[in-house]
Amino acid sequence: MSSVPPTTAAAPVRSTSQDTLRAVLFMLLAINLLPFMNVAAKFLSGDYHTVQVVWARYTGHLVFVILMFMPRQGLSLFRASKPGIHFIRSLLMFLATACFFTALRFIEVPVASAINFTSPLIVTALAAPFLGEVVGIRRWTAVAVGFAGALIIIRPGGGETHWAMFLVLGTALCYATYQIYTRKFSAADSPETSITYIAVVGAVISSIALPFYWVTPVSVIDAGLFALLGFIGGLGHYFVIRAFQYGEASVLAPFNYGQLVMAIILSYFVFGTFPDIWTFVGGGIIVSSGLYITYRETLRGKKPTAPPSPNQA
């Protein structure tokens, strides 16, 4: 899952129009890159266990962040003020990725991506009991409407319903809880440290299980895709960090939904599949609800949490 870290990014460097343009360009790079990771994960899931796919995603990500950040930061990259909190957040991200990649074995990437965009709605619902935030009737209505959109896609009891769709809701819940922890504790450490912990925890946990599921790649293409999984995830996360260093979350958050477009295009050319009308209708409702919540939080003077990149893990 491509996961876009929400408010872990550093405050914008400046507020000029040039910096906003840079932020948007970095975010566009991220949203056009991260869907490739999900499509590659689905492609590999046909012949390899999810554990191996998740391992490649996090181990490659770990190599990327070490090469990117350690030359400048050294061992301080691993120094955190609240390592326990980082472990919990990283575990939640790992579970979100595992659920999402497992679901991709059975359902198409655009369908999973659309359902996963319920995560910002769950964040809004959890913000009241866990963060003490006041959520007004308008945002509660947007949450309810957004989940109605998810039900349109899933269609419980219908012939097109697959149990893996509910697994994606588990992904959204894990990622939303991760975002809640981030909102509460994000100021303590740098975004580079946060993302490094995510890579370390994911790589360690998946490495423990890997020997029981390892299958040597049968082709050069498969081996290349395994290598690219983590690189794409790490580079995508880096682009997101850079975007949030230059721009405000309220400006950048809506661009995340552009991942749906790339997911549809890639799925069509790689797998020959195209979402049905109900996925478009439900996805449109979910995206509209998320955008409205972002708008309302901006009016309240808060930095909205960026939506996930499906699976954004």
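Values in this document were obtained by computation on a predicted structure and should not be read as measured data.

Novice: I keep staring at the packing of aromatic side chains and nothing clicks. Help me out?
Specialist: For any pair of aromatic rings, the description rests on two quantities: the centre-to-centre distance and the angle between the ring planes. Across all of its chains, the model carries 15 aromatic pairs by this definition. With centroids separated by 5.8 Å and ring planes inclined at 80°, the aromatic side chains of F64 and F231 adopt a geometry described as edge-to-face. Taken as a pair, F64 in helix α2 (residues 50-73) and F231 in helix α9 (residues 220-246) lie far apart in primary sequence, 167 residues in all. Residue class for F64 comes out buried when judged on its relative accessible area of 9%. Ring centres 5.6 Å apart and planes at 45° place the aromatic pair F274 and F280 in the tilted group. Taking relative accessible area as the criterion, F274 reaches 55% and is therefore assigned exposed. Through pairs of rings, three or more aromatic residues link up here, namely F26, F69, Y238, F239 and Y246. Above the plane of the ring of F271 lies K42, whose end atom (NZ or CZ) is 5.8 Å from the centre.

Novice: Is there a simple way to explain the environment of P156 in this structure?
Specialist: Along the chain, P156 turns up in the loop between α6 (137-154) and α7 (163-185). For the pair P156 and F166, spaced 10 residues apart in sequence, the C-alpha separation works out to 9.6 Å. Residue contacts for P156: discarding those within four places in its chain leaves L151 and T161.

Novice: Sorry if this is basic, but what is going on with the pattern of salt bridges here?
Specialist: Where charged atoms from two side chains of opposite charge approach closely, those side chains can pair. Enumeration over the complete set of coordinates arrives at two salt bridges. Its salt-bridge partner being R22, residue D19 comes within 3.9 Å of it at the nearest N-O pair. With D19 and R22 both in helix α1 (residues 17-45), this residue pair falls three residues apart, about one helical turn. For D19, a relative accessible area of 1% translates into the label buried. One salt bridge in this structure joins R155 and D276, with 3.3 Å as the shortest N-O distance. On the criterion of sequence distance, the pair formed by R155 in the loop between α6 and α7 and D276 in the loop between α11 (259-271) and α12 (277-299) is long-range, its members being 121 residues apart.

Novice: When you look at the state of the cysteines in this model, what are you seeing that I'm missing?
Specialist: Simply put, the disulfide is a covalent bond whose two ends are the sulfur atoms of two cysteines. Applying the stated criterion across every chain, the model contains zero disulfides. Of all cysteine sulfurs, the one in C174 lies closest to C99, which takes part in no disulfide; the gap is 5.3 Å. Overall, the relative accessible area of 15% leaves C174 in the buried class.

Novice: Explain the packing of helix α3 (residues 83-104) against helix α8 (residues 191-209) here, please?
Specialist: Working note: a packed helix pair is described by the angle between its axes plus the distance between those axes. One can describe the packing of α3 onto α8 by two numbers: an axis separation of 8 Å at closest approach and a directional angle of 60°. Regarding the angle of α3 to α8, the classification is oblique. Relative to α8, the crossing made by α3 is right-handed. Contacts between α3 and α8 involve P83, H86, F87, R89, S90, L91, M93 and F94 from the first element and S194, Y197, I198, V201, G202, I205 and S206 from the second. Of the residues belonging to the contact of α3 with α8, the class tally is nine nonpolar, five polar and one charged.

Novice: How should I be thinking about the side chain of T118 in this particular structure?
Specialist: You can see T118 is positioned in the loop between α4 (109-116) and α5 (119-131). Engagement of the side chain of T118 in a polar contact is seen with the backbone oxygen of I115, the distance being 2.8 Å. If near-sequence neighbours (up to four positions away) are discounted, T118 is found in contact with F147, A150, L169, A172 and I286.

Novice: Would you take a moment to explain the side chain of T193 for this structure?
Specialist: Assignment of secondary structure puts T193 in helix α8. Judged by relative accessible area, T193 falls into the buried class, the value being 3%. Apart from the residues within four sequence positions on either side, T193 is in contact with S76, L77, R79 and A80.

Novice: I tried to follow a nonpolar patch on the surface on my own but got confused; where do I start?
Specialist: Taken together, the side chains of F43, I221, V261, I265, Y268, F269, V270, F274, I277, W278, F280 and V281 define a hydrophobic patch exposed on the protein surface, amounting to about 1300 Å² of accessible area. For the nonpolar patch, the elements supplying multiple residues, two or more each, are α11 and α12. For the nonpolar patch, the leading source of residues is α11, giving five residues. Note on placement: I221 falls in helix α9. Judged by its relative accessible area of 59%, I221 falls in the exposed class.

Thresholds, definitions, all that
Residues numbered from 1 in each chain as written. Predicted model: local features only at pLDDT ≥ 70, side-chain atom pairs only at ≥ 80, totals over all residues. Heavy atoms only, no water. Phe/Tyr/Trp six-rings, centres within 6.5 Å; stacked < 30°, edge-to-face > 60°. Helix = DSSP H or I, 4+ residues; strand = E, 2+ residues; numbered from the N terminus. Buried < 20%, exposed > 50% of the residue type's maximum accessible area, 1.4 Å probe, protein only. Lys NZ or Arg CZ within 6 Å of the ring centre and 35° of its normal. Contact = heavy atoms within 4.5 Å. Salt bridge = Lys/Arg side-chain N within 4 Å of Asp/Glu carboxyl O. Disulfide = S-S within 2.5 Å. Axes fitted to C-alpha atoms, helices over the stretch in contact; angles between N-to-C directions. Parallel < 35°, antiparallel > 145°, perpendicular 65-115°, else oblique. Left-handed = near helix turned anticlockwise from the far one by under 90°. Nonpolar A, V, L, I, M, F, W, Y, C, P; charged D, E, K, R; others polar. Polar contact = N/O pair within 3.5 Å; in protein donor to acceptor, adjacent residues only side chain to side chain. Patch = residues over 30% accessible without salt bridge, like charges linked within 9 Å, V, L, I, M, F, W, Y side chains within 5 Å. Areas by Shrake-Rupley, 256 points an atom, 1.4 Å probe, with all protein chains shown as cover.

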